[in-house]
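Each chain, letter by letter, is given below.
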Amino acid sequence: MSGTVVLILWIGFSIGVWVLYHKIFTVYYFSLSQGLMKEFFMSFIVGLVLTGLTLTFWWLVALILVGAGFLFSGKVDNPSGKKAVRVAFIVAAVVISIVGISYSAKKDSQGTSGARGWSTGECILCEAPEHREILDQMDS
């Protein structure tokens, strides 16, 4: 999985959340530095959550992007502009799909059988005979 693409998604979602927040609410700052820092922090947290949801439900995001591309292309008057909007949304859906598939494959390959993804047989302390007997009893 490309960390650069994930970082771009995170920053993109963060900026989008911050812009959306200011489109919905009229904001008055009594302390500019404190207000902006709170907004930036919350935008980055929400952006992180949205990035995680995008990587987990990549197939749904790809379908939404393709559908949005066809909806937005209907609002463009220029025929070549319609194609450009569709292509841009399809490329975004393909990128999200590739990153999502990579994330899913990496998550599946790590396994979650024990602490930090280790199985009980790989534990160094488990090589002692008295520990091996306890583990064999637990397995059966």
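So, here's what we can say about the structure. (Residues numbered from 1 in each chain as written. Predicted model: local features only at pLDDT ≥ 70, side-chain atom pairs only at ≥ 80, totals over all residues. Heavy atoms only, no water.)

**So, the overall build of the protein**
Inference 1: Counting its secondary structure elements, the protein contains five helices and zero strands.
Inference 2: Going from the N terminus to the C terminus, the protein shows its helices and strands as α-α-α-α-α.
Inference 3: Here the protein, with 140 residues, has 16% of them falling under the buried criterion.
Inference 4: Just so you have it, the protein exposes about 10400 Å², and 71% of that area is on carbon and sulfur atoms. (Helix = DSSP H or I, 4+ residues; strand = E, 2+ residues; numbered from the N terminus. Buried < 20%, exposed > 50% of the residue type's maximum accessible area, 1.4 Å probe, protein only. Areas by Shrake-Rupley, 256 points an atom, 1.4 Å probe, with all protein chains shown as cover.)

**Looking at the environment of Tyr29**
Inference 1: Relative to the helices and strands, Tyr29 resides in the loop between helix H1 (3-24) and helix H2 (32-56).
Inference 2: Once you skip the residues sitting within four places of it in the chain, Tyr29 turns out to touch His22, Gly35, Leu36 and Glu39.
Inference 3: Reaching out from Tyr29, the side chain makes a polar contact with the side chain of Glu39 at a distance of 3.1 Å. (Contact = heavy atoms within 4.5 Å. Polar contact = N/O pair within 3.5 Å; in protein donor to acceptor, adjacent residues only side chain to side chain.)

**A closer look at the packing of aromatic side chains**
By convention here, two paired aromatic rings are described through the distance between centres and the angle between planes.
Inference 1: This model, assessed by the stated rule, comprises four aromatic pairs.
Inference 2: A ring pair is formed by Trp18 and Phe40, whose centres lie 5.5 Å apart and whose planes are at 40 degrees; its orientation type is tilted. Highlighted residues: Trp18 in helix H1 and Phe40 in helix H2, separated in sequence by 22 residues.
Inference 3: Judged by its relative accessible area of 27%, Trp18 falls in the partly exposed class.
Inference 4: On the numbers, 5.7 Å between centres and 35 degrees between planes, the contact of Phe72 with Phe89 is tilted. Taken together, the residues Phe72 in helix H3 (residues 58-73) and Phe89 in helix H4 (residues 79-110) connect sequence positions 17 residues apart.
Inference 5: Residue Phe72 is classed as partly exposed on the basis of its relative accessible area of 44%. (Phe/Tyr/Trp six-rings, centres within 6.5 Å; stacked < 30°, edge-to-face > 60°.)

**Things to note about the nonpolar core**
Soluble globular proteins: nonpolar side chains tend toward being buried together.
Inference 1: The biggest cluster of nonpolar side chains holds five residues, and these are Val6, Leu9, Leu55, Ile96 and Val99.
Inference 2: For Ile96, the residues in contact, after removing those within four places along its chain, are Leu9, Thr54, Trp58, Val61 and Leu65. (Core = buried A, V, L, I, M, F, W, Y, C linked by side-chain atoms within 4.5 Å.)

**Things to note about the packing of H2 against H3**
Inference 1: Contact geometry of H2 with H3 gives a least axis separation of 5 Å together with a crossing angle of 95 degrees. As the angle between them shows, H2 and H3 are arranged roughly perpendicular. Contacts between H2 and H3 involve Thr54, Leu55 and Thr56 on the former and, on the latter, Trp58, Trp59 and Val61.
Inference 2: Residues of the contact of H2 with H3, tallied by class, amount to four nonpolar, two polar and no charged. (Axes fitted to C-alpha atoms, helices over the stretch in contact; angles between N-to-C directions. Parallel < 35°, antiparallel > 145°, perpendicular 65-115°, else oblique. Nonpolar A, V, L, I, M, F, W, Y, C, P; charged D, E, K, R; others polar.)

**As for H4**
Inference 1: Compared with the 46 Å implied by 1.5 Å per residue over 32 residues, the 47 Å span of H4 between its first and last C-alpha is a close match.
Inference 2: Of the positions making up H4, those classed as buried are Gly81, Ala93, Ile96, Ser97, Val99 and Gly100.
Inference 3: Summarising the contacts, the buried residues of H4 are in contact with H1, H2 and H3. (Expected span 1.5 Å × (residues − 1).)

**Focus on the side chain of Ser73**
Inference 1: Here Ser73 is to be found in helix H3.
Inference 2: One polar contact links the side chain of Ser73 to the main-chain carbonyl oxygen of Phe70, over a distance of 2.9 Å.
Inference 3: Every residue in contact with Ser73, bar those within four places of it in the chain, is listed here: Lys82, Val85 and Arg86.

**Overview of a nonpolar patch on the surface**
Inference 1: Residues Phe41, Met42, Ile45, Val46, Val49, Leu53, Phe57, Trp59, Leu60, Leu63 and Ile64 make up a contiguous nonpolar surface patch of roughly 1100 Å² in combined accessible area.
Inference 2: Broken down by secondary-structure element, the contributors of at least two residues to the nonpolar patch are H2 and H3.
Inference 3: By residue number, the principal contributor to the nonpolar patch is H2, which donates six residues. (Patch = residues over 30% accessible without salt bridge, like charges linked within 9 Å, V, L, I, M, F, W, Y side chains within 5 Å. Salt bridge = Lys/Arg side-chain N within 4 Å of Asp/Glu carboxyl O.)

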